[in-house]
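Structural overview
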Amino acid sequence: MEFEERPFRRGRRIAVDVGDARIGVASCDPDGVLATPVETVPAGVKSQARIAAIVEEYDAIEVIVGLPRSLSGKEGPAAEKVRAYAARLANRLYPVPVRLVDERMSTVTATHGLRASGVKAKKGRSVVDQAAAVVILQTALESERVSGRPPGESVEAVG
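For the protein chain, an unreviewed UniProt entry supplies the name Putative pre-16S rRNA nuclease and the organism Kitasatospora aureofaciens. In its Sequence similarities (unreviewed entry) section, the UniProt record describing the protein chain reads: "Belongs to the YqgF HJR family." According to its UniProt record, the protein chain has this under Function (unreviewed entry): "Could be a nuclease involved in processing of the 5'-end of pre-16S rRNA."

1. Describing the sheet that holds strand β4 (residues 62–67)
Taken in spatial order, the six strands line up as β3-β2-β1-β4-β5-β6 in an open sheet, and their pairing is mixed. The outermost strands of the open sheet, each flanked by one partner alone, are β3 (35–42) and β6 (153–155). Averaged over all pairs of adjacent strands, the angle between their axes in this sheet comes to 30°, without regard to strand direction. Direction of pairing for β4 relative to strand β5 (residues 98–102): parallel, over a ladder of five bridges. Among the inter-strand pairings, Val63 is bridged to a residue of β5, identified as Val98. Here helix α1 (residues 47–58) sits on the sheet in contact with β1 (13–18), β2 (22–28), β3 and β4, set at roughly 150° to β3.

2. Here's the deal with unusual backbone geometry
The peptide bond linking Tyr94 to Pro95 adopts the cis configuration, its omega dihedral lying at 15°. With respect to the helices and strands, the residue Pro95 is situated in the loop between α2 (77–93) and β5. With a phi angle near 50°, Asp59 is a residue other than glycine that sits in the positive phi range. Among the structural elements, Asp59 can be located in the loop between α1 and β4.

3. Considerations on the pattern of salt bridges
Taken as a whole and judged by the stated rule, the model has twelve salt bridges. Of the charged contacts in the structure, one is a salt bridge between Glu144 and Arg13, with a shortest N-O distance of 3.4 Å. In this pair, Glu144 sits in helix α4 (residues 125–147) while Arg13 sits in strand β1, placing the two residues 131 residues apart along the sequence. Here Glu144 falls in the buried class, since its relative accessible area comes to 2%. One salt bridge in this structure joins Arg22 and Asp129, with 2.5 Å as the shortest N-O distance. Of this pair, Arg22 sits in strand β2 while Asp129 sits in helix α4, placing them 107 residues apart in sequence. If you follow the salt bridges from partner to partner, you end up with Arg69, Glu75, Arg83, Asp102 and Glu153 in one network.

4. So, the environment of Pro68
Here Pro68 is to be found in the loop between β4 and α2. The class for Pro68 is buried, based on a relative accessible area of 18%. The spatial distance from the C-alpha of Pro68 to the C-alpha of Ala79 is 5.2 Å, given a sequence separation of eleven residues. Pro68 has contacts with Ala78, Ala79, Val82 and Glu103, leaving out every residue within four places of it along the chain.

Calculation rules
Every residue gets a number counted from 1 within its own chain, in the order that chain's sequence is written. Selection of residues for local features in this predicted model requires a pLDDT of at least 70, selection of side-chain atom pairs for listing and counting requires 80 or more, and totals for whole chains, interfaces and linings are taken over all residues. As a convention, hydrogens and water are excluded, and side-chain values are obtained from all of the structure's heavy atoms. UniProt positions are given in the numbering used here, feature names are shortened, and annotations may be inferred rather than shown by experiment. Pairing between strands is defined by DSSP: at least two bridges between them are needed. In DSSP terms, a helix is any run of H or I states spanning at least four residues, a strand is any run of E spanning at least two, and both are numbered starting from the N terminus. For every element, the axis is a line fit to its C-alpha atoms; helices are fit only across the contacting stretch, and the angle between N-to-C directions ranges from 0 to 180 degrees. By definition, residues are in contact when any of their heavy atoms lie within 4.5 Å. Salt bridges are identified by distance alone: a Lys or Arg side-chain nitrogen within 4 Å of an Asp or Glu carboxyl oxygen. Whether a residue is buried, partly exposed or exposed follows from its accessible area with a 1.4 Å probe, protein chains only, as a fraction of its type maximum: under 20%, in between, or over 50%, in that order.

Have a look at this one:
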């Protein structure tokens, strides 16, 4: 059985897990094989400037923002906040594309993984945000590999 090799866009991506207090940031290698934690950025007015600096430093081709949904797939107030944050980020980072990707269970997955590796809950709060960003990025990379298309939905910059 033959299958067609789908093209995978080469280049580093940055993923962010936006929270009320902290924003976890992760990146991947140019081949999109491995996502790794970068840092935890304090949420607030200066967060987008720091994320923009990271995007520039890593020469990222795209930014993936985790979109929180309920298990049923519905969007609530948290998703609204993240959509607004992603829209501001898209304007700031233009022409670097920003995409929203479903992040259901990313924090739970990250927390379980960290706990299994011996990281204590209290000590691990800022690390959990980075680990959640890693999970979001790995999911996005896998989605693109399987579908041959950029993951999630594009956030349009409004000039």
